[in-house]
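Here are the chains, one letter per residue:
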Amino acid sequence: MTVKQPSRWQSAGNSLLFAGNIFILFLLIFGNRVVLPPWLQVLGRMHPLLLHFPIVLILVAGVLTFIRLREPAAEAWKQQLASALLLAGALSAAVTVIMGLFLSGEEGYNGSGTLQWHKWSGVSMCWLASLLYWLGQSAINRPALQKGGVLITAALLVVTGHFGADITHGENFVLAPVTPAGKRPQVPLDQALVYEHLVKPVLEEKCMNCHNAGKAKGELAMELPAQLLKGGKSGKLFVAGKPDVSLLMERLHLPLDAKKHMPPAGKPQLTPEEANLLYYWIKGGADFNMKVAALPAHDSLRLLATAMLQPGPSAAPVYHFAAADEKLVQKLNNNYRVIYPVALNAAPLVVNCYNKDQFNSKSIEELLPLKKQIIEMHLQKMPVQDADLNIIAQFPELRVLNLSFTNVKGQTLSALAKLPHLESLSLSGTPVTLQQLQALKAAPALKELYLWNTALSPAELDQLPTVFKQVAIIKGFKDDGKEPLKLNQPLLANASPVFRSTAQLLLRHPIKGVEIRYTTDGSVPDSMNSPLFKDSLLLQGNTTIRAIACKKGWYASDPVQFSFYRSSYTPDSVVLLTQPDGSYAGNGAKTLCDGQKGGTDQGNQKWLGYVKEPMVAILLFKQPVPLQSVSVGILRNINGYIFPPAKLEIWGGADAQHLKLLKSIIPAAGKKDDPAAAMEVTGTFPVTHVSCVKLVLDPLLKIPSWHPGKGNRGWVFTDEVLLN
């Protein structure tokens, strides 16, 4: 049998293919000793670009191998075409393998099992394709051998591509659509570990595609606790106990189009619940062995973990009643009784009473017109009598009732058992007896019973779980003075930090006998000389309160700070003429006048974020108002690409067609080391009667050269507008 002499291009291709395979063998043996120049690194990074060519060429050549044509001339032409395609495929496969070997030597590719499988299956596929081509050019003509080799080569292509996709896009990327979706481990709450069953699944789903042993972008792998603690090229991933300065949280909360935002745009993003989970895990010390059940009952991380491990419709109660008349609610509000919705525009109401000298049975009776909306009633430390429980029993939607340290003796507890929805009842600090508590066994929805500092003996308290089998008995902490503990911070009971003319500051503390000391001048309060907070404090203007909790035999709490803002007018409607960018849309136009401040968390859906164009908002009033100052809440987070606005313009007039510029303000520019802070930009001007106000908030056009985002536009964030 005579063998047809190869053409010039075939001879050249043969030589290149032979040389390419020899070079691949050299790199496999000595690659770890080779130092690549930068231009060859660029060539290696073109590996994903070229790898599609050998796949197509080899598969087409393989298909032609299985096709037989009747005409000898056509069959000869087909064989030549198949040979040419196989040569081109083998050559491009050799080049692709060489590029891949260059790329695998860079930082971030740690030689994991996935990478090794991808490398050796790719090399095997290249060598087999080369062998098939050389067999086709030899005198050996064995169709069965060629067809078998084609099938093996195709299988290697699939295997190589599968492992390559796992390196680039994460484990099981190719087969994920046809495999069961992964779910968080279903473990009992008392056995669940915070990291293993909650944090780790989030990292696996949203982070480890790019940060694994095979592809550690930024020299960061996240598969093992030791790798998380080590961090990556940019430093430590987190600082235990300090999420606000942790790199992980900073990257998560960067604007979506920021270069360093993680996960990158186009990848699945973390949900707010997942981001909060990481935040509270780091804040709690980033313990890899902590059990969920070991966390305090009302700890934020435990509440979040419980909701994620035991999701269900019961987590979000549905109320089947209409909202109360706003004018009636306002009428019943006074200096010693506060009624407010559980959330903005929600129908359920909460009642808090203060100043026991002003409290009597009538204080409860007056609330009966709202009996179908009130779900919580906080009457602690008020002189509530046993007879008053018969009045309280007329509130059918009541879920939470706090009667701690009241004058209740327990004689009429059976009245409360008639409440169909009562879930939480606090009788701490009252002289109730075990026999009297038996009446509460008939309460159909009771879940929590607070009984610390009562007349019950330790033995009787221990007996209660057998009496109330489905009710959590909270016994509290017995203060014997032997082991001083640090008090937790005072709690704020006000529903909103923004008020119209005046407001009563409402602070409380759950532990009996605690004093609250405060300051209003920005100084740190102390337990001796700072003013003592009593029932309430009248606020008449913008005020910053710093407070601590104190009690003899205890360590004072850490200071806590609350800021309050006066806004004399609320617009009847607000319109955004330009729309927020990305996911920073807050509550739409209502964000500017909903009485809520955003704090320093830009991702809490309380901020409007702009970067592509200015924020332009119109505030409309049905009746003219005498305006002399406007404050716009802004956020500064230099590391998050959020800068003070370049300019704020305040326009006012009778309507949108007749506006004049009232004030133009250029705030101080952000500096490199400025801490994250929520602030106000305020403009004052002569009193002007207006029915329409236009606000224009300009983002920074060019980020300074000292910033990683230099030259790009900065973001501007705004939350609340305060008027006068």
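Residues numbered from 1 in each chain as written. Predicted model: local features only at pLDDT ≥ 70, side-chain atom pairs only at ≥ 80, totals over all residues. Heavy atoms only, no water.

### Overview of the overall build of the protein chain
Part 1: When helices and strands are tallied, the protein chain shows 18 helices and 23 strands.
Part 2: Here the protein chain holds 724 residues, and the buried ones make up 44% of them.
Part 3: Residue pairs in contact within the protein chain that sit at least 24 positions apart in sequence constitute 67% of those at least 6 positions apart.
Part 4: Summed over its atoms, the accessible surface of the protein chain is roughly 37,900 Å², and 57% of this surface lies on carbon and sulfur atoms. (Helix = DSSP H or I, 4+ residues; strand = E, 2+ residues; numbered from the N terminus. Buried < 20%, exposed > 50% of the residue type's maximum accessible area, 1.4 Å probe, protein only. Contact = heavy atoms within 4.5 Å. Areas by Shrake-Rupley, 256 points an atom, 1.4 Å probe, with all protein chains shown as cover.)

### Notes on the sheet that holds strand E1 (residues 337-341)
Backbone hydrogen bonds hold the strands of a sheet together, and the pairing may be parallel or antiparallel.
Part 1: Strand order in the open sheet formed by seven strands is E1-E2-E3-E4-E5-E6-E7, with mixed pairing between adjacent strands. The outermost strands of the open sheet, each flanked by one partner alone, are E1 and strand E7 (472-474). Strand-to-strand twist across the sheet, computed as the mean angle between neighbouring axes with direction ignored, equals 15°.
Part 2: With three bridges joining them, strand E6 (residues 448-450) and E7 adopt parallel strand pairing. (Pairing = 2+ DSSP bridges. Axes fitted to C-alpha atoms, helices over the stretch in contact; angles between N-to-C directions.)

### Re helix H8 (residues 194-206)
Part 1: In this model, H8 (13 residues) spans 17 Å end to end at C-alpha, consistent with the 18 Å of a helix rising 1.5 Å per residue.
Part 2: Most pronounced at Lys-200, the bend in H8 amounts to some 35°, and the proline Pro-201 follows within four residues.
Part 3: Where burial is concerned, most of H8 is hidden: ten out of the 13 residues are buried.
Part 4: Each element contacted by the buried residues of H8 is listed here: helix H9 (225-230), helix H11 (272-283) and helix H12 (300-309). (Expected span 1.5 Å × (residues − 1). Bend = angle between axes of the 7 residues up to and from the residue.)

### Some points on the side chain of Asp-388
Part 1: The topology assignment puts Asp-388 in helix H15 (residues 388-392).
Part 2: For Asp-388, which is buried and forms no salt bridge, the nearest opposite charge comes from Lys-409, at a distance of 11 Å.
Part 3: Those residues within four positions of Asp-388 in sequence are excluded, and the remaining contacts are Ser-361, Ile-364 and Pro-383. (Lys, Arg positive; Asp, Glu negative; His and termini not counted. Salt bridge = Lys/Arg side-chain N within 4 Å of Asp/Glu carboxyl O.)

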